[in-house]
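Topology and contacts: notes
Okay, here's what each chain looks like letter by letter:
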Amino acid sequence: MLYLDAVIRSEFDAKRWAMPAKVYARPLELFESMPLSADSFAQELGLLGYRDVNCPVDPTPAPAESGKHPYRRKPKRRSPGSCAPPPDGGESPTKPGSYARQGETFELMTRDFAFWDGTEPVRKVRVVFAGNILVDLASLDEKEKPGLLRLDAPEIAGIYHSHYEDRILLKGENLPSILVDTLLAVEDRAFFEHAGVNPKGIVRALLANLRAGRAVQGGSTLTQQLVKSLFLSNERSMKRKINEALMAILIDSRYGKDEILEAYANAIYLGQDGSRAIHGFGLASQFYFGIPLEDLDLHQMALLVGIVKGPSYFDPRKHPDRARERRSLVLDVMVEQNLIGAEDAAVAEEMGLDLTPKVASGITAYPAFLELVQRQLRQYYKAEDLITEGLRVFTTLDPRIQARAENTLETSLSPLERSQPRARPLQGAAIIVDTPSGEVLALVGDREPKAIGFNRALDAKRLAASLLKPVVYLAALEQPERYSLTTLINDSPLVHNVGGRRWRPANYDRRYHGRVTLRDALARSYNIPAVRVGLDIDVINVVKMLGRLGFDRDLKPYPSLLLGGVSMSPFEIAQVYEGIASGGFRIPLRAIREVTNATGQSLQHYALEVDKAVDPGPVYLVTNAMQQVVKAGTASAMKSKISPDLKIAGKTGTTDDYRDSWFAGFSGDRLAVVWLGRDDNRPTGLSGGSGALRVWMNLMAGLKLEPLDTPPPPGVEEYWVNPRSGLRLGEGCRSGQRIPFLAGFAPQGGGSCGSPPVARQVKRPTRSTAASSSGAKKQRGEMNDFFERLME
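Let me sum up the structure you'll find in this document. (Residues numbered from 1 in each chain as written. Predicted model: local features only at pLDDT ≥ 70, side-chain atom pairs only at ≥ 80, totals over all residues. Heavy atoms only, no water.)

1. A word on helix 10 (residues 320-336)
Selection rule: Each helix corresponds to a stretch of at least 4 residues labelled H or I by DSSP, and each strand to a stretch of at least 2 residues labelled E; elements are numbered beginning at the N terminus. Helix span is expected to be 1.5 Å times the residue number reduced by one. It only takes one pair of heavy atoms within 4.5 Å for two residues to be counted as in contact.
Between its first and last C-alpha atoms helix 10 spans 24 Å; for 17 residues at 1.5 Å apiece the expected length is 24 Å, and the two agree. As for helix 10, its buried residues are in contact with helix 3 (177-187), helix 9 (298-307) and helix 11 (342-350). Positive backbone phi, approximately 65°, marks N338, located one or two places after helix 10.

What follows is the structure, given as structure tokens:
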């Protein structure tokens, strides 16, 4: 007894209030002129569990008998947007978390919600849409018109200990009286009289069960059930039963009945959601019916109490007939104990189970994103804090963009598989980032996005291929006295000695293209020019550039790195490209905005971290070349799906034997990376342009994107230049294009369109970039230098 008493005193309070961290997606912020459609808004409300007040299917029955618990039979409700609006406009919302829709107009009553920067109060507003734009946001509650209205954040996950227990804590005074009375009538009628164990109750339950020929009453008190839930295993032994009884007596002597009842209501096991155990009536109400406990009807309360006896055996989703039979038994007990009238019980008997559709099984519908959140949380919190302290984690996830990414990956892979002569199972991953902030908006790590397992977005380290070429050229463009976008680079056979071996890089098309400008070399993804430039500026500078842009693993400066001979995950690629898309700033990708305690007090603010990594001038130049990739290079197919006016910048990537297909690209506000491949690393038959690019296009075509149309930064000037020769032309010449240069390093002179000036080109690198191990190769390189000097 002394030992058990010590266990109770040290662990009872901690165990009954242990709370997993709750994880929330970004809250939807409404303001006039924002891009959002009425249907998308209805989806957001559905994710939040808001109820449409104009979806009734049943009339309200007559009031209950006097003196009995009133049976408030509320109308059944369908999913948001699924019922046609009444012609007369219907009801207006009167409770938080409800709305009424009439076409593109919504009346909405929001919920209060504690954020890290304050509590958003309940508001009643009118929201009006016109097409894909929110055109009016008006107050209906005599308060000031909101300039910006922040809805409550949708809960997307919990972080649990090894048993994956979850609960919504309820205070005793918030437990509905009908629930408490029914629970005591069915499970422990002498609860307020016994001392934790009820010998008379055990005998009475035995006799009742014998008379009924089935189990209609239990012998354990609520206190014993609480002990079993908090402290003991399911082992069937005399020792466990004795400990259960002794601990029940000790708890009853140390705590009041109301405290025990409150602990029981929060601790009792009531079901299983994949890996997650459902504990307590608060969470069970949401899990089975999708509404708060206080809003349940009589037939739903009766079902919850009935499930207590055997959550698996009476699971209403798996065994609906058993659940109905058990509910009928509970209703009979309620009539017998004079809690409700016979008429109310008869009405409840006729009601359906009214279960909410089970959308996603498991601890979260977003397993890949949750894994990223957990990894970033571990930098600041102990594992124990995340599963016991009830922390509230506000993340950057955008549910609509996440849904778009998941659906695109799921639906795009099968057609790509069928396009190959021998269909092979593909896998994929995608990540979408808000470039100004570095916030991860969506993350998909499997073609089956809800699957829990290997997270390819974070952990699939695959060769980066040509995705590293922009990094090579960015490092070169930091040397404007030697390299510009119009520098001519020799695309001809190259032999390079590496550790006594000869390396002969080749182009993807196995052809050579003579002298090409740096911009064209990147746009058409020629390999040999990238190698020549990388060797000339020294591979170590490319390695350093990767580090400056956010790649945080050590690399050896092997020449193969210049053609993407580095294994990187989609997340790491996104981090590097974020440095380019942001204009040269290193912004760590983050999935968390804020962490608060259970009461809303801020504990950890994940502020935007911005460090200048590269001067904006060279970044602007390489971005211009990446836009040429989309306009006229290896990603030119994009114009079939995405408007050229967006001026997307990007890069395709394909590894040897078509094992990996990559595309990374960005608009003015969104960066996305897509990888396709096979888990066994066998060929896919897909290049970057025929595989990942198509998925990227399908994904981004459904998003509202800002054009990549930033003005040249200080120190960058634009000139009219022949894009093939790099020679400067007269303004407006049809054969020319406006190309940016760092100030002071543009081609000199000017001339008419018909007779271009003899422009001085930036001197071609001479540090062995065309060198070979044979004298003939050396002589050919010297001849090339001679002809270049002749053209100067």
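2. What about the packing of aromatic side chains?
Applicable threshold: For Phe, Tyr and Trp, where Trp contributes only its six-membered ring, two rings pair if their centres lie within 6.5 Å, and the inter-plane angle classes them as stacked under 30 degrees, edge-to-face over 60, or tilted in between. The classification of residues rests on relative accessible area computed with a 1.4 Å probe and restricted to protein chains. Under 20% of the type maximum is buried, over 50% is exposed, and intermediate values are partly exposed. Two limits define a charge over a ring: the Lys NZ or Arg CZ must be within 6 Å of the ring centre, and within 35 degrees of the ring normal.
Overall, the coordinates contain 18 aromatic pairs when judged by the stated rule. Plain terms: the ring middles of Y24 and F113 are 5.6 Å apart, the flat faces sit at 85° to each other, and that makes the pair edge-to-face. Taken as a pair, Y24 in strand 1 (residues 21-24) and F113 in strand 6 (residues 113-115) lie far apart in primary sequence, 89 residues in all. The exposure class assigned to Y24 is buried, which follows from its relative accessible area of 8%. Ring centres of F287 and Y288 lie 4.8 Å apart, and the angle between their planes is 65°; this geometry places the pair in the edge-to-face category. The aromatic ring of Y313 is capped on one face by R322, whose charged end is 4.1 Å from the ring centroid.

3. A look at the environment of R375
Rule in force here: In the analysis that follows, any N or O atom pair within 3.5 Å is treated as a polar contact, provided that within protein one partner can donate a hydrogen and the other can accept it, and provided that, for residues neighboring in sequence, both atoms belong to side chains.
Here R375 shows up in helix 12 (residues 367-377). By relative accessible area, R375 is classed as partly exposed at 32%. Residues within four places of R375 in sequence aside, it is in contact with L458 and D459. Looking at R375, its side chain comes within polar contact range of the side chain of D459, at 2.7 Å.

4. Notes on the side chain of R26
By secondary structure assignment, the location of R26 is in the loop between strand 1 and strand 2 (29-30). Accessibility expressed as a relative area gives 8% for R26, which makes it buried. Polar contacts involving the side chain of R26 include one to the side chain of D398, which spans 3.4 Å. Ignoring sequence-local partners within four residues, the contact set of R26 consists of E44, P154, T395, T396, L397, D398, P399, R400 and R593.

5. Considering the pattern of salt bridges
Here is the rule: When a carboxyl oxygen of Asp or Glu lies within 4 Å of a side-chain nitrogen of Lys or Arg, that pair is called a salt bridge.
Applying the stated criterion across every chain yields a total of 36 salt bridges. A salt bridge links D117 to R150; its shortest N-O distance comes to 2.8 Å. Taken together, the residues D117 in the loop between strand 6 and strand 7 (118-120) and R150 in strand 10 (residues 149-150) connect sequence positions 33 residues apart. Among the residues examined, R150 registers a relative accessible area of 10% and is labelled buried. Here the salt bridges do not stand alone but share partners, grouping R26, E44, D398 and R400 into one network.

6. A short note on the sheet that holds strand 1
For the record, the criterion: The criterion for strand pairing is that DSSP finds at least two bridges linking the strands in question. Structural elements are reduced to axes, namely lines fitted to C-alpha atoms, with helices fitted over the stretch in contact, and the angle between N-to-C directions of any two is expressed from 0 to 180 degrees.
Taken in spatial order, the 5 strands of this open sheet run 11-1-15-25-26, and their pairing is mixed. If you trace the sheet from one side to the other, it starts and ends with strand 11 (155-159) and strand 26 (602-605), each paired once. Taking the axes of each pair of neighbouring strands and ignoring which way they run, one obtains an average angle of 20° across the sheet. Summarising the sheet, strand 15 (residues 392-395) and strand 25 (residues 592-596) pair through 4 bridges and their orientation is antiparallel. Its bridge partner being in strand 25, T395 is matched across the sheet by I592. Sitting on the sheet, helix 12 is in contact with strand 1, strand 11, strand 15 and strand 25, with an inclination near 50° to strand 11.

7. Points about the packing of helix 9 against helix 10
Formally: Oblique is the label for any angle not covered by the other classes, which are roughly parallel (under 35 degrees), roughly antiparallel (over 145) and roughly perpendicular (65 to 115). Residue classes follow a fixed rule: Ala, Val, Leu, Ile, Met, Phe, Trp, Tyr, Cys and Pro count as nonpolar, while Asp, Glu, Lys and Arg count as charged, and any other residue, Gly among them, counts as polar.
Orientation of helix 9 relative to helix 10, taken along the N-to-C sense of each, is 105°, at an axis distance of 8 Å. Considered as vectors, helix 9 and helix 10 are oriented roughly perpendicular to each other. Counting all contacts with helix 9, which are made through L298, H299, A302, L303, V305 and G306, the residues of helix 10 involved are A323, R326, R327, V330, L331 and M334. Per-class residue counts for the contact of helix 9 with helix 10 are 8 nonpolar, 2 polar and 2 charged.

8. Section: unusual backbone geometry
With a phi close to 65°, E142 is a non-glycine residue in the positive phi region. The topology assignment puts E142 in the loop between strand 9 (133-139) and strand 10. Given the relative accessible area of 84%, E142 is considered exposed. One non-glycine residue, N338, lies in the positive phi region at around 65°. Along the chain, N338 turns up in the loop between helix 10 and helix 11.

9. Here's the deal with the environment of G90
Take G90: it is sitting in the loop between strand 3 (51-52) and strand 4 (98-102). Sequence separation between G90 and V53 is 37 residues, and the spatial gap between their C-alpha atoms is 8.2 Å.

10. Comments concerning the sheet that holds strand 9
Within the open sheet, the 5 strands sit side by side as 3-4-5-8-9. Their pairing is mixed. Each having just a single partner strand, strand 3 and strand 9 make up the two edges of the open sheet. In this structure, strand 8 (residues 124-130) lies alongside strand 9, joined through 6 bridges in antiparallel fashion. Residue pairing in the sheet places R126 in a bridge with A138 of strand 9. The strands touched by helix 2 (residues 38-48) are strand 4, strand 5 (105-109) and strand 8; relative to strand 5, the strand with the most contacts, the crossing angle is about 25°.

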